[in-house]
Structure formats: C-alpha cells, structure tokens
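Given next are the chains, with one letter for each unit.
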Amino acid sequence: MARTISKDTLEKKISKLETAISKNRQQYDQLTKELKELLDKQKAMQSEELMKAIADSSRSYEDILQYIKGETSKDED
C-alpha cells in the first residue's frame, strides 16, 4: 500500500531538490568555464610550441604545410 505524504512535506522535498539542482548547475557552469579556460591555455601553448618548431626548422613553411596537410611533393612521386 502506498504511503501518503502531506502537501507541506511534498512541497518541502520539491523545494530542497530544486535548490540542490540549482547549486549543481552553478557548480557545473563554473567547472565548465574553468575547463574552457584551461583548454584555451593548452591550445595557446601548443600553438606557440608549433610556431617555435617551425621557426627553428630547416624546412620551408611550404614544406611543413604540405606535410601537415598530408600532401606529397612531386619530387617524392
């Protein structure tokens, strides 16, 4: 047999769950923002590292770009 609960108890439980969901949503939003910032920093570091490697390379920009795109030069065919 199902247990009956009072309207007041039901409303309190609903309110408690809504508050918990709101807190979790705020935490999710904060963590998502922090993750995006960290990923952006990581991407910037990778870009900087790649640019330094290109600058220090004996290969030309065009050679490196062809390699990255997976294109082969006519000399290699």
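Structural data are supplied above this passage.
To keep things clear, this report deals only with the structure shown in the data block. (Residues numbered from 1 in each chain as written. Predicted model: local features only at pLDDT ≥ 70, side-chain atom pairs only at ≥ 80, totals over all residues. Heavy atoms only, no water.)

Some points on the overall build of the protein chain
Here's step 1: Scanning the protein chain for helices and strands turns up two helices and zero strands.
Here's step 2: Over its C-alpha atoms the protein chain spans a radius of gyration of 28 Å, topping by over 25% the 11 Å that the globule rule assigns to 77 residues.
Here's step 3: When the backbone C-alpha atoms are referred to their principal axes, the protein chain occupies close to 85 × 25 × 15 Å.
Here's step 4: Here the protein chain holds 77 residues, and the buried ones make up 1% of them.
Here's step 5: Working note: accessible area of the protein chain is about 7,900 Å², and carbon and sulfur atoms make up 55% of it. (Helix = DSSP H or I, 4+ residues; strand = E, 2+ residues; numbered from the N terminus. Rg over C-alpha atoms; globule rule 2.2 N^0.38 Å. Buried < 20%, exposed > 50% of the residue type's maximum accessible area, 1.4 Å probe, protein only. Areas by Shrake-Rupley, 256 points an atom, 1.4 Å probe, with all protein chains shown as cover.)

Observations regarding a nonpolar patch on the surface
Here's step 1: On the surface, a nonpolar cluster with roughly 240 Å² of combined accessible area is contributed by Ile-5, Leu-10 and Ile-14.
Here's step 2: Here Ile-5 shows up in the segment before helix H1 (7-56). (Patch = residues over 30% accessible without salt bridge, like charges linked within 9 Å, V, L, I, M, F, W, Y side chains within 5 Å. Salt bridge = Lys/Arg side-chain N within 4 Å of Asp/Glu carboxyl O.)

Here we look at the pattern of salt bridges
Here's step 1: Under the defined criterion, the tally for this structure stands at three salt bridges.
Here's step 2: The residue Asp-8 makes a salt bridge to Lys-12 at a minimum N-O spacing of 3.4 Å. Residue Asp-8 and its partner Lys-12 are both found in helix H1; the two are separated by four residues, about one turn of the helix.
Here's step 3: Exposure remark for Asp-8: the relative accessible area of 45% places this residue in the partly exposed category.
Here's step 4: Exposure remark for Lys-12: the relative accessible area of 56% places this residue in the exposed category.

A word on the environment of Leu-17
Here's step 1: Assignment of secondary structure puts Leu-17 in helix H1.
Here's step 2: Look at Leu-17 and you get exposed, because its relative accessible area is 56%.

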